Amino acid sequence: GFLPGLFGTSHGALQFMAYEDLKERYNKYRNRVSDTKLNTVEYIMMAAVSKIFAVSATYPYQVVRARLQDQHNTYSGVFDVIRRTWR
């Protein structure tokens, strides 16, 4: 558990990283100072896109974790889960 648990916490870190990067890039694109406040719609869009990125990056981990916890199937390890899931 410890290592997989640490990987699971990466979702929030990835979302925060993407959110901040998107805000900075967007302000640069609009020729504004990097810490310029965004309007409500801009904040919602940045949050949605960063969430989609984080979910896309960490969802496969959630599938593998759930399958490893499944008591009805027996796997020989993480790579067995990935291989059988891929099929």
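Quick notes on the rules
Residues numbered from 1 in each chain as written. Predicted model: local features only at pLDDT ≥ 70, side-chain atom pairs only at ≥ 80, totals over all residues. Heavy atoms only, no water. UniProt positions renumbered as here; feature names shortened; annotations may be inferred. Salt bridge = Lys/Arg side-chain N within 4 Å of Asp/Glu carboxyl O. Helix = DSSP H or I, 4+ residues; strand = E, 2+ residues; numbered from the N terminus. Buried < 20%, exposed > 50% of the residue type's maximum accessible area, 1.4 Å probe, protein only. Domains from an automatic or database assignment. Contact = heavy atoms within 4.5 Å. Buried area = accessible area lost by both parts, 1.4 Å probe. Polar contact = N/O pair within 3.5 Å; in protein donor to acceptor, adjacent residues only side chain to side chain. Nonpolar A, V, L, I, M, F, W, Y, C, P; charged D, E, K, R; others polar.

An unreviewed UniProt entry annotates the protein chain as MFTC protein of Pardalotus punctatus. Here is the UniProt Sequence similarities (unreviewed entry) comment for the protein chain, exactly as written: "Belongs to the mitochondrial carrier (TC 2.A.29) family." What UniProt records for the protein chain under Subcellular location (unreviewed entry) is the sentence "Membrane".

Observations concerning the pattern of salt bridges
Within this structure, the stated rule accounts for five salt bridges. The salt bridge involving Lys-23 is made with Glu-20; its shortest N-O contact spans 3.6 Å. Here Lys-23 and its partner Glu-20 are both found in helix α2 (residues 10–29), three residues apart, which amounts to about one turn of the helix. Owing to a relative accessible area of 33%, Glu-20 belongs among the partly exposed residues under this scheme. Measuring nitrogen to oxygen at the nearest pair gives 2.5 Å for the salt bridge that ties Asp-80 to Arg-83. Taken together, the residues span about one helical turn, with Asp-80 and Arg-83 both in helix α4 (residues 78–86) at a distance of three residues.

A look at the domain arrangement of the protein chain
We note that the domain assignment places domain 1 (1–36) and domain 2 (37–86) within the protein chain. The distance between the C-alpha centroids of domain 1 and domain 2 comes to 16 Å. Listed by partner, the interface residues are 19 residues for domain 1 and 15 residues for domain 2. Interface area, domain 1 with domain 2, both sides summed: about 1,500 Å², of which 69% is carbon and sulfur. Considering only the side of domain 1, the residues that lose the most area to domain 2 are His-11, Gln-15 and Tyr-19, jointly responsible for 33% of the buried surface there. Counting across the domain 1 and domain 2 interface gives one salt bridge. The partner of Glu-42 in a salt bridge is Arg-32, and the shortest N-O contact between them spans 3.5 Å. Where domain 1 touches domain 2, the interface holds four residue pairs in polar contact (both at pLDDT 80 or more). Of all the secondary-structure elements, those providing two or more residues to the side of domain 1 that touches domain 2 are α1 (2–8) and α2. Of the residues assigned to the side of domain 1 that touches domain 2, the class counts are eight nonpolar, seven polar and four charged.

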